Amino acid sequence: MSFVEYSDFIQDGDVAIVYLSHDSMMPVKVQQGAQTQTRYGVIRHSTDLIGQRYGSKVTCSKGGWVQVLHPTPELWTVSLPHRTQILYTTDIATITMMLELKPGSVVCESGTGSGSLSHAILRTIAPTGHLHTVEFHQQRAEKVAMEFKEHRVDHLVTVRNQDVCKDGFGVTGVADAVFLDIPRPWDAVKHAKAAMKKQGGRVCSFSPCIEQVQRTCEFLADQGFEEINTLEILLRVHDIRTVSLALPDFGPDPSAQTPPDANEEAPPPTSAPNHTSVTLKTTTPPREIPGHTGYLTFATKPRT
């Protein structure tokens, strides 16, 4: 098992994702002889997980069932243990695209936090790229380094416990892209420029407040960055529902009727209109949607 390489069967030591429902998932470290409690009962790792195919349906001790999925960055984002606020797939997809990441890219990141974006970056730059990630908080840095090792991507990442605003990223002239998610990103702009390769590169800063964005843009411009732009991603998910709609009754069609003979009696009027309905699937927008998460500011280092 690796977050960047797929394997068919669950093995001892893997990290698997137990799928309970579309809004309830949990990561499980698979270990011989271990058990995991769920609301559907106990999952016994030795008999229920090890040797089974990823994607298998597992019956728990109470008779309910779950599915065991191969870990991916997307599944990790919705199931990881939160040590900080994290980035979600909507922003992550835009970041990886706008930073022009690809296999072999070298990326600098600060701060690491819970590692949500880090896993997506690693999957994108594998197998020959490298991520240099900086985390100010010592315990968080140690925890995420351990997770990278458990997820078997530690050969693609270097974790540093230091203050990026004072000490930089620990590398110079190698990065194709830099990502900043810190309270004062403008203090790290010079270090970001120093870490980037001489032949250009892209930088992204994530900030929740527009005042942070304004100051960061000023420092990016002062350092000679070009193509500075800021955007915000808002997601609106439509619900699919089955509805029944009544068809209107416009009465008889006059053009299709022949006038009655004068000697014939007119038919009595229908006592009740014949209302019919049609059943169809439609989408309905939610009454409320998640609002602002943060502003994404992108810029390009000019080629020198």
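Residues numbered from 1 in each chain as written. Predicted model: local features only at pLDDT ≥ 70, side-chain atom pairs only at ≥ 80, totals over all residues. Heavy atoms only, no water.

Operational definition: UniProt positions are given in the numbering used here, feature names are shortened, and annotations may be inferred rather than shown by experiment.
Under the annotation held in an unreviewed UniProt entry, the protein chain carries the name tRNA (adenine(58)-N(1))-methyltransferase catalytic subunit TRMT61A and is attributed to Seriola dumerili. The Subcellular location (unreviewed entry) comment attached to the protein chain in UniProt states, word for word, "Nucleus". Per its UniProt entry, the protein chain bears the Sequence similarities (unreviewed entry) comment "Belongs to the class I-like SAM-binding methyltransferase superfamily. TRM61 family."

1. A few points about the packing of helix H3 (residues 89–98) against helix H4 (residues 116–125)
Put simply, the rule reads: An axis is simply a line fitted to the C-alpha atoms; with a helix, the fit covers only the stretch in contact. Between two such axes, the angle follows the N-to-C directions and lies from 0 to 180 degrees. Segments assigned H or I by DSSP are reported as helices when at least four residues long, segments assigned E as strands when at least two residues long, and all are numbered from the N terminus. Relative orientations are named as follows: roughly parallel for angles under 35 degrees, roughly antiparallel for angles over 145 degrees, roughly perpendicular for angles from 65 to 115 degrees, and oblique for any other angle. Each crossing gets its handedness from the near helix: less than a right angle anticlockwise from the far helix is left-handed, clockwise is right-handed. Contacts were defined at the residue level, with two residues in contact if any of their heavy atoms lie within 4.5 Å.
Orientation of H3 relative to H4, taken along the N-to-C sense of each, is 40°, at an axis distance of 10 Å. Regarding the angle of H3 to H4, the classification is oblique. Once H3 is placed against H4, the crossing between them reads as right-handed. Only Ser116, Leu117, Ala120 and Thr124 of H4 make contact with H3, whose side of the interface consists of Ile92, Ile95 and Thr96.

2. Thoughts on the domain arrangement of the protein chain
Convention followed: Annotation comment: domain bounds sourced from an automatic or database domain assignment. Put simply, buried area is the surface a 1.4 Å probe can reach on two separate parts but cannot reach once they are joined, added for both. Only one rule defines a salt bridge in this text: a Lys or Arg side-chain nitrogen within 4 Å of an Asp or Glu carboxyl oxygen.
Partitioning the protein chain into structural domains gives domain 1 (9–71) and domain 2 (75–234 + 291–301). Placing a centre on the C-alpha atoms of domain 1 and another on those of domain 2 gives a separation of 32 Å. Buried surface at the junction of domain 1 and domain 2, both sides included, amounts to about 690 Å², of which 66% is carbon and sulfur. Its largest share of buried area at the contact with domain 2, domain 1 owes to Val15, Met25 and Pro27, together 51% of the area lost on that side. Our count for the contact surface shared by domain 1 and domain 2 stands at 2 salt bridges.

3. Observations regarding the pattern of salt bridges
The cut-off we apply is this: Using a 1.4 Å probe on the protein chains alone, a residue whose accessible area is under 20% of its type maximum counts as buried, one over 50% counts as exposed, and one in between counts as partly exposed.
Taken as a whole and assessed by the stated rule, the structure comprises 8 salt bridges. The shortest N-O distance in the salt bridge between Arg83 and Glu147 comes to 2.9 Å. In this pair, Arg83 sits in the loop between helix H2 (73–79) and H3 while Glu147 sits in helix H5 (residues 138–150), placing the two residues 64 residues apart along the sequence. Between Asp176 and Lys197 there is a salt bridge whose closest N-O contact spans 2.7 Å. Of the two residues, Asp176 sits in the loop between helix H6 (164–167) and strand S10 (177–180) while Lys197 sits in the loop between helix H7 (189–195) and strand S11 (201–207), which places them 21 residues apart along the sequence. Judged by its relative accessible area of 27%, Lys197 falls in the partly exposed class.

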